[in-house]
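# Notes for the structure review
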Amino acid sequence: MTNTDKKAVTLRYLAGSLMLMLGVFGFYLGGLWTWLGTAAFILLVILDVYLPRDEELHQVKSSGFQHAVLYFQLPLIVTLWLMFADMLSTGNGGLLELTGAIFSISFLSALGGLPPSHELMHRYGGFDRFYCSLYLTVFLLPMNDLGHVKGHHLKVATSEDSDTPRRGEWVYTFAFRSIWGQLMESIGIEKSRLQKNKKPLWSFGSRFLQSAILITIWLSVWFSIAGIEALPVYVLTMAIFYLVLGGFNYTQHYGLIRLIGEPIETRHSWNQLKPLSRALSFEISNHSEHHLKPTRFYTDLNPYPDAPQLPSIALCFVCAFIPPLWESKIVRPQLAIWDETMASDAERELAHEANIKAGWV
C-alpha cells in the first residue's frame, strides 16, 4: 500500500465527523436545512450500496490520529443537541423544519455516537471508558457498556442474549427489547460488583451514582435551554433515536444461533464489508473478528470474507424497517446458506425450530 493509499484509508475515519459537521451546519442555517443530516444519510446509503466490497486488511498503524478521532464526534453530537434545544426554545420552526431536525439528530447521533463509544468501551484505560459513558449519557444509557462488554460478548447468538434478534423478530420490537435488556443486565452486573465489595448502591465509585449525576447534568443543561415545555418533543425524539440505534444493532447477529456454553466462532456474527460501512463504524462491520478479540484496536480487525456476509450496513438498516423486504431479499437467503454450510448439527436443529417459530416453514 502506498503512502497515498494509507492516508486515504486513515482519513476515511473522519466520515462520521464530516456527517456531524454537515448536521451542525444545517441546524445553523435553519429552515429546511435541518434536513441536511438526513440527506447526508440518504447519500451515504446510495454510495455504500454501489461502492465495491472492501475485503482487505489495510496496513494502517494505530497512530495518535486513529485514537484521537474516537473523541472528535462527541463535541459535535453535543453541539447538535444543544442547537436543537435552542431551536425548540424559540418556537419559530414549522412542522417540516422540526421533523427534519428530529430525523437528522436521530440518524446523526446513532451514526456518530454508537461506533466511537463502542470502540472506547472495549479499551482498558479509565479515561477511555469514562469518555464512552459521556457518549452514552446523551443517549440516557451511561452504564450500558457493562451489559455490552460483560453480557453480550459472553452470550452472543444464544437465546440468553438480548442483543441478538430472533428469526422473524421485527426491528420495531427488537430495538426497545435490546435496550431494556442491556440496561437491566448492566444494573445487575453493577449490583453484583457492589455487593461483593460490600458497598451500598449509591456509594462513591458506584456506576449508579455516576450515571445519575451525568444524566441529571445533561438533562438540566438541555432543558434549561429548551424549556420544560419541550418535553413531549424530547420524548418523541428519543423514541425515534432508539429505533435508529436498534436498527443498526439489528443487523449484527440477526437470526444467528449458538448453543449456550459453546465457543464463539466467526460464524456467529455478520460481516458487512463495504468501504463506508467500515469507515463509519470504525471497522465494527468486521464483526466476526471483533467477537473473537474484542479488545483488538479497530484498525487491526481482520475482515474475514469467508464469515457470514450481509450487504452495506446502511442498506441493511433501511431494509430492516420494511420487514418483508428485509426477510425475503436480504437475510433469509443468507440464513439458508448459514444453516446449510456453517451451522453445527446442533445449531442446525435449533435453526429449524427457529424457522418454524418465525413462520418461515
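Scope of this entry: the structure provided in the associated data block. (Residues numbered from 1 in each chain as written. Predicted model: local features only at pLDDT ≥ 70, side-chain atom pairs only at ≥ 80, totals over all residues. Heavy atoms only, no water.)

### Observations concerning the overall build of the chain
Quick note on the threshold: Elements are defined by DSSP. Helices are runs of H or I of four residues or more, strands are runs of E of two residues or more, and each kind is numbered from the N terminus. Computation of the radius of gyration draws on C-alpha atoms, with the globule rule given as 2.2 Å multiplied by the number of residues to the power 0.38. Exposure classes here rest on a 1.4 Å probe applied to the protein chains alone. A residue is buried below 20% of its type maximum, exposed above 50%, and partly exposed in between. Any two residues whose heavy atoms approach within 4.5 Å are treated as being in contact. Each accessible area is a Shrake-Rupley estimate made with a 1.4 Å probe; only the visible protein chains count as cover when residues are assessed.
If you tally the helices and strands in the chain, you get 15 helices and zero strands. By the compact-globule yardstick of 21 Å for 361 residues, the chain fits well, its C-alpha radius of gyration being 20 Å. In terms of principal-axis extent, the alpha carbons of the chain reach across some 60 × 55 × 45 Å. Classification of the 361 residues of the chain by burial places 53% in the buried group. Here the analysis covers contacts within the chain between residues at least 6 apart in sequence; of these, 74% occur between residues at least 24 apart. By element, 67% of the accessible surface of the chain is carried by carbon and sulfur atoms, the whole surface being about 16000 Å².

### Looking at helix H5 (residues 95–121)
Which entries qualify depends on this criterion: Here, expected helix span is obtained from the residue count minus one, scaled by 1.5 Å. A residue's bend is the angle separating two fitted axes: one through the seven residues that end there, the other through the seven that start there.
Taking 1.5 Å per residue as the helical rise, H5 with its 27 residues ought to reach 39 Å, and the 37 Å between its terminal C-alpha atoms agrees with that figure. The largest bend along H5 measures about 25 degrees and falls at Gly113, with the proline Pro115 one to four residues further on. Counted residue by residue, H5 has 21 buried out of 27 residues, so it is predominantly covered.

### Overview of a nonpolar patch on the surface
Worth spelling out the cut-off: Two distance rules govern patches: like charges are joined within 9 Å, and nonpolar side chains (Val, Leu, Ile, Met, Phe, Trp, Tyr) within 5 Å, applied only to residues with over 30% relative accessible area and no salt bridge. Salt-bridge detection follows one rule: a side-chain nitrogen of Lys or Arg within 4 Å of a carboxyl oxygen of Asp or Glu.
A cluster of nonpolar side chains, contributed by Phe25, Tyr28, Leu29 and Trp33, occupies part of the molecular surface with about 490 Å² of accessible area. As for its position among the elements, Leu29 is in helix H2 (residues 15–29). Judged by relative accessible area, which is 38%, Leu29 ranks as partly exposed.

### Considerations on the pattern of salt bridges
Evaluated as defined, the whole model comprises 15 salt bridges. We note a salt bridge from Arg53 to Glu55, for which the minimum N-O separation is 2.9 Å. Looking at Arg53, the relative accessible area reads 39%, which means it is partly exposed. By relative accessible area, which is 39% here, Glu55 ends up partly exposed. With its nearest N and O atoms 2.8 Å apart, the salt bridge here joins Arg177 to Glu169.

### Here's the deal with the environment of Glu55
So the rule is basically this: Here a polar contact is taken to be a pair of N or O atoms separated by no more than 3.5 Å, where protein atoms must pair a possible hydrogen donor with a possible acceptor and residues adjacent in sequence count only if both atoms sit in side chains.
You can see Glu55 is positioned in the loop between helix H3 (36–50) and helix H4 (64–90). A C-alpha to C-alpha distance of 6.1 Å links Glu55 and Pro305, two positions 250 residues apart in sequence. The contact partners of Glu55, leaving out residues within four places of it in the chain, are Leu273, Arg278, Pro303 and Pro305. For Glu55, the side chain forms a polar contact with the side chain of Arg53, separated by 2.9 Å.

### Focus on the nonpolar core
To keep it simple, the criterion reads: To define a nonpolar core, start from buried Ala, Val, Leu, Ile, Met, Phe, Trp, Tyr and Cys residues and group those joined through side-chain atoms within 4.5 Å.
Judged by nonpolar contacts, the single largest core of 79 residues is most densely connected at Phe41, Trp81, Phe84, Trp222 and Trp326. In terms of residue count, H4 provides more of this core than any other element does, eleven residues in total. With sequence-adjacent residues up to four places away left out, Trp222 is seen in contact with Trp81, Leu82, Phe84, Ala85, Leu88, Ala230 and Tyr234. In this structure, Leu146, Ile189, Leu194 and Phe208 belong to the second largest nonpolar core, which totals five residues.

### Quick look at the environment of Ser186
Topologically, Ser186 is positioned in helix H8 (residues 171–196). It is 9.4 Å that separates the C-alpha atoms of Ser186 and Val149, two residues lying 37 residues apart in sequence. A polar contact of 2.8 Å, which involves the side chain of Ser186, links it to the backbone nitrogen of Gly147.

### A look at the side chain of Gln73
Positionally, Gln73 belongs in helix H4. Residue classification places Gln73 among the buried positions, given a relative accessible area of 1%.

### Quick look at helix H10 (residues 231–253)
Counted at 1.5 Å a residue, the expected span for H10 with its 23 residues is 33 Å, and the 34 Å between its end C-alpha atoms agrees. With its phi angle positive at about 75 degrees, Gly255 sits one or two positions after the end of H10.

### Quick look at the packing of H5 against helix H6 (residues 126–138)
Cut-off, in case you're wondering: Lines fitted to C-alpha atoms define the axes, with helix axes restricted to the stretch in contact, and inter-axis angles between N-to-C directions lie between 0 and 180 degrees. What sets the label is the angle itself: under 35 degrees gives roughly parallel, over 145 gives roughly antiparallel, 65 to 115 gives roughly perpendicular, and the rest give oblique. Handedness of each helix crossing follows the sense of rotation of the near helix against the far helix: counterclockwise by less than a right angle gives left-handed, clockwise gives right-handed. Under the scheme applied here, ten amino acids are nonpolar (Ala, Val, Leu, Ile, Met, Phe, Trp, Tyr, Cys and Pro), four are charged (Asp, Glu, Lys and Arg), and all others, including Gly, are polar.
Contact pair H5 / H6: the axes reach a minimum separation of 8 Å and the direction vectors enclose 155 degrees. For the element pair H5 / H6, the angle class is roughly antiparallel. Crossing of H5 against H6: the hand is left-handed. Across the interface between the two elements, Gly112, Gly113, Pro116, Ser117, Leu120 and Met121 from H5 touch Asp128, Arg129, Tyr131, Cys132, Tyr135 and Leu136 from H6. A breakdown of the residues in the contact of H5 with H6 according to their chemical character gives seven nonpolar, three polar and two charged.

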